Amino acid sequence: SGTVSYQWQSSSALGGPFSNISGATSSTYTPPSASAGTTYYQVVINATGNDCQSVTSTVATVIVRPDLSITTQPLNIDECVGGTNQLSVVVANGSGTVSYQWQSSSAVGGPFSNISGATSSTYTPPSTSAGTTYYQVLISATGNDCQSVTSNVATVVVRPDLSITTQPTDIDECVGGTNQLSVVIANGSGTVSYQWQSSSAVGGPFSNISGATNSTYTPPSASAGTTYYQVVINATGNDCQSVTSTVATVIVRPDLSITTQPANIDECVGGTNQLSVTVANGSGTVSYQWQSSSAVGGPFSNISGATNSTYTPPS
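The structure reproduced in this document is the subject of the present report.

## What to know about the overall build of the protein
When its secondary structure is counted, the protein shows zero helices and 31 strands. Taken over C-alpha atoms, the radius of gyration comes to 44 Å for the protein, far larger than the 20 Å a tight globule of 315 residues would show. With the C-alpha coordinates of the protein rotated into their principal frame, the extents come out at 160 × 40 × 35 Å. Expressed as a percentage of the 315 residues in the protein, the buried residues total 30%. When contacts within the protein are restricted to residue pairs at least 6 apart in sequence, long-range pairs at least 24 apart make up 56% of them. In the structure as shown, the protein presents an accessible area of about 18,100 Å², 47% of it carried by carbon and sulfur atoms.

This is the structure in structure tokens:
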């Protein structure tokens, strides 16, 4: 009865004490929200009519939160075709319901377009084909005056699986040779590792060679024989498939040896007897250079053009 009056009160504790708020004398009150924190409010209502008792409302809790902030930004992804690495974002603060909208662009500077259905804090970008795409996420909160926030741009590189562009080639060398096997690769993602393997048979089985983990490998050549080698190559990027090289044959041969020495010649002027030599072993192209001397102990000098396994000395 009579005139009704209102007095809003506030407290920093749920149980009070409560203090009158100057000027807060309407049925509505807009609490201050300049800084984050929690404050408790009630309103005392009076009527001027005779014997009208005052009434106090229940306590209302007003929480003022900082605007949304991103505590963990989405990270760049570098993976192979078929990879399933996720982009993710972690937020703090905000009020009400938080929503996410991932966006993509073919250019780092945008424009960015919404990705249909990509409305969670994580997103798995497509990786069916190789290429580079840029992603960001727009995050909103439904609380009054909550400002939306946009993440940093994350670069997602999808690469083709590992491929070998230069296969290891066969080696044919002598005992003590130092020829190398080598392989050249393309594509893949992450850290690339190599493991050379050997076998005594061209079809395997192949066994890992301890410590042979570079793109090149020098096979042992202390003794003659034939060994077969291949290299298994891996990349650490998500869903990167390993690749195995073709098999290279390494033949280590004994050094050259003369199986038939040139025999002495005794002939008349005008004779055409030949000197000849027969060799075994060695590797690669064999070459000959006949030499002559007027003394059995030399010195010996090369004979021009005498570069075959046989030689007819002038007579």
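## Regarding the side chain of Gln136
Looking at the element boundaries, Gln136 is found in strand β13 (residues 131–141). If we skip the residues at most four places from it in the chain, Gln136 touches Gln101, Trp102, Gln103, Phe112, Thr150, Ser151, Asn152 and Val153.

## Details of unusual backbone geometry
Geometrically, the link from Gly16 to Pro17 is a cis peptide bond, its omega value of 10° lying close to zero. Mapping Pro17 onto the fold places it in the loop between β1 (4–11) and β2 (19–20). A cis amide bond, omega 10°, links Gly204 with the succeeding residue Pro205. The topology assignment puts Pro205 in the loop between β20 (192–199) and β21 (207–208). The phi dihedral of Asp145 is positive, around 65°, even though this residue is not glycine. Tracing the chain through its elements places Asp145 in the loop between β13 and β14 (149–150). Positive phi values are uncommon outside glycine, yet Asp239 reaches one of about 65°. Taking relative accessible area as the criterion, Asp239 reaches 35% and is therefore assigned partly exposed.

## A few points about the state of the cysteines
Per the counting criterion, the structure on display carries one disulfide. The disulfide partner of Cys80 is Cys240, and the S-S distance across this bridge is 1.9 Å. On the sign convention where negative is left-handed, the bridge of Cys80 and Cys240, at about 90° about the S-S bond, is right-handed. One end of the pair, Cys80, is in strand β7 (residues 77–80); the other, Cys240, is in the loop between β23 (225–235) and β24 (243–244), with 160 residues separating them in the sequence. Since its relative accessible area comes to 0%, Cys80 is described here as buried. Look at Cys240 and you get buried, because its relative accessible area is 13%.

## Structural notes on the packing of aromatic side chains
Under the counting rule described, the total for this entry stands at seven aromatic pairs. Between Tyr123 and Tyr135, the aromatic rings sit 5.8 Å apart at their centres with planes inclined by 50°, giving tilted as the arrangement. Separated by twelve residues along the polypeptide, Tyr123 in strand β12 (residues 122–123) and Tyr135 in strand β13 bring together distant segments of the chain. Among the residues examined, Tyr123 registers a relative accessible area of 15% and is labelled buried. Judged by its relative accessible area of 4%, Tyr135 is buried. For the ring pair Tyr217 and Tyr229, a centre distance of 5.8 Å and an interplane angle of 50° mean the geometry is tilted. Here Tyr217, found in strand β22 (residues 216–217), pairs with Tyr229, found in strand β23; they are twelve residues apart in sequence, far enough to count as distant.

## Looking at the layout of surface pockets
The probe, sized like a water molecule, is rolled over the atoms to show the empty space still left. Estimates place the volume of the largest pocket at around 360 Å³. Lining the largest pocket are 17 residues, and of these Ser33, Val64, Arg65, Asn144 and Asp145 sit closest to its centre. Its volume calculated, the second largest pocket comes out at about 240 Å³. Along the walls of the second largest pocket sit 13 residues, with Ile258, Val277, Val279, Tyr288 and Gln289 positioned nearest its centre. Of the residues that constitute the lining of the second largest pocket, the class distribution is eight nonpolar, five polar and no charged.

## Remarks on the pairing of β13
Sheet analysis places strand β10 (residues 98–105) next to β13, joined by eight bridges and oriented antiparallel. Bridge pairing in β13 links Gln103 to Gln136. Two strands pair when backbone bridges link them, and β13 and strand β15 (residues 154–159) are joined in this way by five bridges, in the antiparallel orientation. Of the residues in β15, the one forming a bridge with Tyr134 is Thr155. Two elements, β13 and β14, share two bridges in a ladder whose sense is antiparallel. Each bridged residue has a counterpart across the sheet, and for Leu138 the counterpart in β14 is Thr150.

## Digging into the environment of Asn238
Positionally, Asn238 belongs in the loop between β23 and β24. According to the relative accessible area criterion, Asn238 is partly exposed, its value standing at 24%.

Analysis parameters
Residues numbered from 1 in each chain as written. Predicted model: local features only at pLDDT ≥ 70, side-chain atom pairs only at ≥ 80, totals over all residues. Heavy atoms only, no water. Helix = DSSP H or I, 4+ residues; strand = E, 2+ residues; numbered from the N terminus. Rg over C-alpha atoms; globule rule 2.2 N^0.38 Å. Buried < 20%, exposed > 50% of the residue type's maximum accessible area, 1.4 Å probe, protein only. Contact = heavy atoms within 4.5 Å. Areas by Shrake-Rupley, 256 points an atom, 1.4 Å probe, with all protein chains shown as cover. Disulfide = S-S within 2.5 Å. Phe/Tyr/Trp six-rings, centres within 6.5 Å; stacked < 30°, edge-to-face > 60°. 1 Å grid on protein atoms, 1.4 Å probe; cavity = no way out; pocket = protein on both sides within 12 Å on 5 of 7 lines; lining within 4 Å. Points joined across faces, edges and corners; volume = space filled by probe spheres on them. Nonpolar A, V, L, I, M, F, W, Y, C, P; charged D, E, K, R; others polar. Pairing = 2+ DSSP bridges.

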